[in-house]
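# Remarks on the overall topology
These are the residues of each chain, in order.
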Amino acid sequence: MGVVNVTPDSFSDGGLFLATECAVEHAKRLVEEGADIVDVGGESSRPGSDPVTEEEELNRVGPVVSALVKNLHVPISIDTYKPRTADRCLDLGATMVNDITGLRYADMRQVVARHDVPAVIMHMKGEPKTMQENPSYGDVVSDVKDFLSRRALAAEQSGVRQVVIDPGIGFGKTVAHNMTLLRRLSEFKELPYPVLIGVSRKSSIGQITGAPVDERLPGTLAATAIAVLNGADVVRVHDVKECRQAVQVAEAIRSA
């Protein structure tokens, strides 16, 4: 899953693809490099970020989704927790919803069910604005797994037929929490859902290595390969070409 952030303030590429033409060209490049899905987002979810209005989010992502549906042959995912944004983008031709709130809102579950598309249910402790203020867990894997199981069940009871789960690396978690989730990722395979991991360029890599955000590719490759080795079915990344090669090697080792 290749990332297209149509935002001025995303942590690694904010402002680079805010113009529709730039976002579309970037998405095309990601597909050429091997992206199987393109994930379009119009609101930053970096720690400390402020939410944007539904109208602003739609103004950012609507034209991009519309253009990508016409120009790409891969599925387009809309990264949003706002029901109206999701509904409009699905009407435009997007075929997946990626919701950082885990389909918390009933209106969003209804939108996904009505369009009959897959939904990514992610775990996040708190809100982006405050999620990194001393997050704590009993056992992080058990707590996150229980949350995802409950949210998936609620989604299915609302008519959502295709669920993907995401432990939410970096969303209300310390470096130790994130590393534990990656090391024990295979435990999430006990649930009957595909597992998505988004670790690309995350701050945990920077805290471990000291690397600034634009120098975290080696750490991203290591974490991505380990995630796949431990059972990840989808990886959400910025650097598709490099990560695809890491995934191919990890998959070969996993299946050997």
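Residues numbered from 1 in each chain as written. Predicted model: local features only at pLDDT ≥ 70, side-chain atom pairs only at ≥ 80, totals over all residues. Heavy atoms only, no water.

## Some details on the pattern of salt bridges
- What the rule picks out here adds up to 16 salt bridges.
- Glutamate 57 is the salt-bridge partner of lysine 82, the closest N and O atoms lying 3.8 Å from each other. Taken together, the residues lysine 82 in the loop between strand 3 (76–79) and helix 3 (83–92) and glutamate 57 in helix 2 (residues 54–71) connect sequence positions 25 residues apart.
- Taking the shortest distance from any N to any O, the salt bridge between arginine 150 and aspartate 146 comes out at 2.9 Å. Taken together, the positions of arginine 150 and aspartate 146, both in helix 5 (residues 140–157) and 4 residues apart, correspond to about one turn of that helix.
- Overall, aspartate 146 belongs to the partly exposed group, its relative accessible area being 41%.
- What emerges from the salt-bridge pattern is a single network uniting Asp39, Asp79 and Arg236. (Salt bridge = Lys/Arg side-chain N within 4 Å of Asp/Glu carboxyl O. Helix = DSSP H or I, 4+ residues; strand = E, 2+ residues; numbered from the N terminus. Buried < 20%, exposed > 50% of the residue type's maximum accessible area, 1.4 Å probe, protein only.)

## Section: the side chain of threonine 224
- Mapped onto the fold, threonine 224 is located in helix 8 (residues 217–229).
- Here threonine 220 takes part through its backbone oxygen, which lies 2.7 Å from a polar atom of the side chain of threonine 224.
- Every residue in contact with threonine 224, bar those within four places of it in the chain, is listed here: Val199, Val235, Val237, Cys243 and Val247. (Polar contact = N/O pair within 3.5 Å; in protein donor to acceptor, adjacent residues only side chain to side chain. Contact = heavy atoms within 4.5 Å.)

## Brief notes about the packing of aromatic side chains
- Scanning all chains against the criterion turns up 0 aromatic pairs.
- Over the ring of tyrosine 137 we find lysine 125, and its NZ or CZ is 4.5 Å from the ring centre. (Phe/Tyr/Trp six-rings, centres within 6.5 Å; stacked < 30°, edge-to-face > 60°. Lys NZ or Arg CZ within 6 Å of the ring centre and 35° of its normal.)

## Quick look at the packing of helix 1 (residues 20–32) against helix 2
- Relative to each other, helix 1 and helix 2 sit at 40°, their axes nearing to 9 Å. Judged on the interaxial angle alone, helix 2 and helix 1 are oblique. Every pair of crossing elements has a handedness; the one defined by helix 1 and helix 2 is right-handed. Along its contact with helix 1, which presents Thr20, Ala23, Val24, Ala27 and Lys28, the element helix 2 presents Pro63, Val64, Ala67, Leu68 and Asn71.
- Counted by class, the contact of helix 1 with helix 2 contains 7 nonpolar, 2 polar and 1 charged residues. (Axes fitted to C-alpha atoms, helices over the stretch in contact; angles between N-to-C directions. Parallel < 35°, antiparallel > 145°, perpendicular 65-115°, else oblique. Left-handed = near helix turned anticlockwise from the far one by under 90°. Nonpolar A, V, L, I, M, F, W, Y, C, P; charged D, E, K, R; others polar.)

## Points about the packing of helix 3 against helix 4 (residues 106–115)
- Where helix 3 contacts helix 4, the two axes come as close as 9 Å, and the packing angle between them is 15°. When the interaxial angle is binned, helix 3 and helix 4 end up roughly parallel. Crossing hand, helix 3 versus helix 4: right-handed. Of the residues in helix 4, those in contact with Pro83, Ala86, Asp87, Leu90 and Asp91 of helix 3 are Asp107, Met108, Val111, Arg114 and His115.

## Details of a nonpolar patch on the surface
- Where nonpolar side chains cluster on the molecular surface, the patch consists of Leu229, Val249 and Ile253 and spans about 260 Å² of accessible area.
- Of the residues examined, isoleucine 253 reaches a relative accessible area of 51% and is grouped as exposed. (Patch = residues over 30% accessible without salt bridge, like charges linked within 9 Å, V, L, I, M, F, W, Y side chains within 5 Å. Areas by Shrake-Rupley, 256 points an atom, 1.4 Å probe, with all protein chains shown as cover.)

## What about unusual backbone geometry?
- Positive phi, close to 55°, is recorded for asparagine 134, a residue that is not glycine.
- With respect to the secondary-structure elements, asparagine 134 resides in the loop between strand 5 (119–122) and helix 5.
- Despite not being glycine, arginine 201 shows a phi value in the positive range, around 60°.
- Relative to the elements of secondary structure, arginine 201 occurs in the loop between strand 7 (196–197) and helix 7 (203–209).
- Taking relative accessible area as the criterion, arginine 201 reaches 17% and is therefore assigned buried.

## A few points about the environment of asparagine 134
- Given a relative accessible area of 68%, asparagine 134 falls into the exposed group.
- C-alpha of asparagine 134 to C-alpha of histidine 73: the two residues are 61 residues apart in sequence and 43 Å apart in space.

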